[in-house]
Amino acid sequence: MEEKLLNQSDETAIPETGTADEQPEGRSSRRSLGLQARSRERVDQLLAAAETLVVTHGFDGLKMRELARSAGLPIASIYHYFPSNAAVLRALAERHLADLQVVIAESMELHMSGLATAEQAPEAVGRVVHDVARYLSSRPATATIWDALRAVPELRALDMEDTAANARFIEPYMARVIEDASPAELADFCLILVEALQSNLMVIMHSNPERQESLIQSLSRFASATMRGFQLQNPSSSGRI
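Read on for an overview of the structure. Keep in mind that this is a model prediction, so the values were computed, not measured. (Residues numbered from 1 in each chain as written. Predicted model: local features only at pLDDT ≥ 70, side-chain atom pairs only at ≥ 80, totals over all residues. Heavy atoms only, no water.)

## Regarding empty space enclosed by the protein
One water molecule sets the probe size; rolling that probe over the atoms shows where empty space is left. Taken as a whole and assessed by the stated rule, the structure comprises 2 cavities of 30 Å³ or more. Considering only enclosed or pocket space, the largest cavity measures out at about 250 Å³ in volume. In this structure, the largest cavity is lined by 16 residues; those nearest its centre are I104, V128, V132, V194 and L197. At the level of secondary structure, the elements contributing two or more residues to the lining of the largest cavity comprise helix 4 (85-112), helix 5 (121-137), helix 7 (153-177) and helix 8 (183-205). Of the residues forming the lining of the largest cavity, the biggest block, 5 residues, is contributed by helix 8. (1 Å grid on protein atoms, 1.4 Å probe; cavity = no way out; pocket = protein on both sides within 12 Å on 5 of 7 lines; lining within 4 Å. Points joined across faces, edges and corners; volume = space filled by probe spheres on them. Helix = DSSP H or I, 4+ residues; strand = E, 2+ residues; numbered from the N terminus.)

And the structure:
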């Protein structure tokens, strides 16, 4: 019988919190029992093959038998590390999201930590967006993985938690340049900003490559304008930091 991604009749729903390594045993949980060096290499090999399949055929084309063929491994080995194609997709998504969080952290530190005045913040935010967008455009699997995060119900919780985590991460940076906003207002602004940027980044990832750079520039300007508008609602968010 053809495999189906996250078939509700025979797949255990993925819990809403925790990483794949922390999930309870189940078909859509990754079986991880203290992977040693060889096992980690095998997992990396499988995820690399899975990423290639996702880029070529979409997340619906991620079949366990095809993954075994692509990785050059017995199918029994696949099931030893990943009990289902849902678990493979989740692990792949977690890896991409973790890599993206590193890029965001490095760019925020580079552009936002050394600001002399709050007026510099909007342009700095635009540069962060530009860095993130350029990184994502260099990752062919990004668009398909994000599609899966938002289309597959069991992975939607992972996407929402990632959005919330990124919003919490940028809050301290924003608090330094938006002084009058209440904690609740600042949290809401960061969450809405991150969600809006992610949605627009998905549009860019699905656009023709020759148009992506102009769209990235437009999104950077949008982020700067949004930041500047929120500052104008909090007049004391100006001057030296």
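The rest of the description comes next.
## A few points about the nonpolar core
Core analysis: the largest hydrophobic core is formed by 72 residues, its most contacted members being F82, M112, M174 and I178. A total of 12 residues in this core trace back to one element, the largest contributor, which is helix 4. Those residues in contact with M174 that lie beyond four places of it in its chain are M112, V125, L186, C190, L193 and M227. (Core = buried A, V, L, I, M, F, W, Y, C linked by side-chain atoms within 4.5 Å. Buried < 20%, exposed > 50% of the residue type's maximum accessible area, 1.4 Å probe, protein only. Contact = heavy atoms within 4.5 Å.)

## Things to note about helix 2 (residues 64-71)
Looking at helix 2, one finds that the buried residues are M64, L67, A68 and A71. Buried residues of helix 2, seen end-on, are gathered within an arc of 100 degrees and therefore sit on one face of the element. Exposed positions of helix 2 whose direction lies more than 90 degrees from the buried face are R65 and R69. Those residues of helix 2 that are buried lie in contact with helix 1 (37-57), helix 3 (75-81) and helix 4. Taken from the residues just after helix 2, G72 is the one with a positive phi, measuring 70 degrees. (Arc of directions from axis to C-beta.)

## What about the pattern of salt bridges?
Summed over the entire model, instances satisfying the criterion amount to 10 salt bridges. For D99, the salt bridge goes to R139, with nearest N and O atoms at 3.8 Å. Here D99 is found in helix 4, whereas its partner R139 is found in the loop between helix 5 and helix 6 (142-151), with 40 residues between them in sequence. Judged by relative accessible area, D99 falls into the partly exposed class, the value being 30%. Where salt bridges share partners, they join R150, R156, D159 and E195 into one cluster. (Salt bridge = Lys/Arg side-chain N within 4 Å of Asp/Glu carboxyl O.)

## Considerations on the environment of C190
By secondary structure assignment, the location of C190 is in helix 8. Residue classification places C190 among the buried residues on the basis of a relative accessible area of 0%. In sequence terms C190 and M174 are 16 residues apart; their C-alpha atoms lie 8.0 Å from each other. Those residues in contact with C190, other than ones at most four positions away along the chain, are A167, I170, E171 and M174.

## Description of the side chain of S207
For S207, the location among the structural elements is in the loop between helix 8 and helix 9 (209-232). In this view, S207 contacts Q212 and L215; residues no more than four positions away in its chain are not counted.

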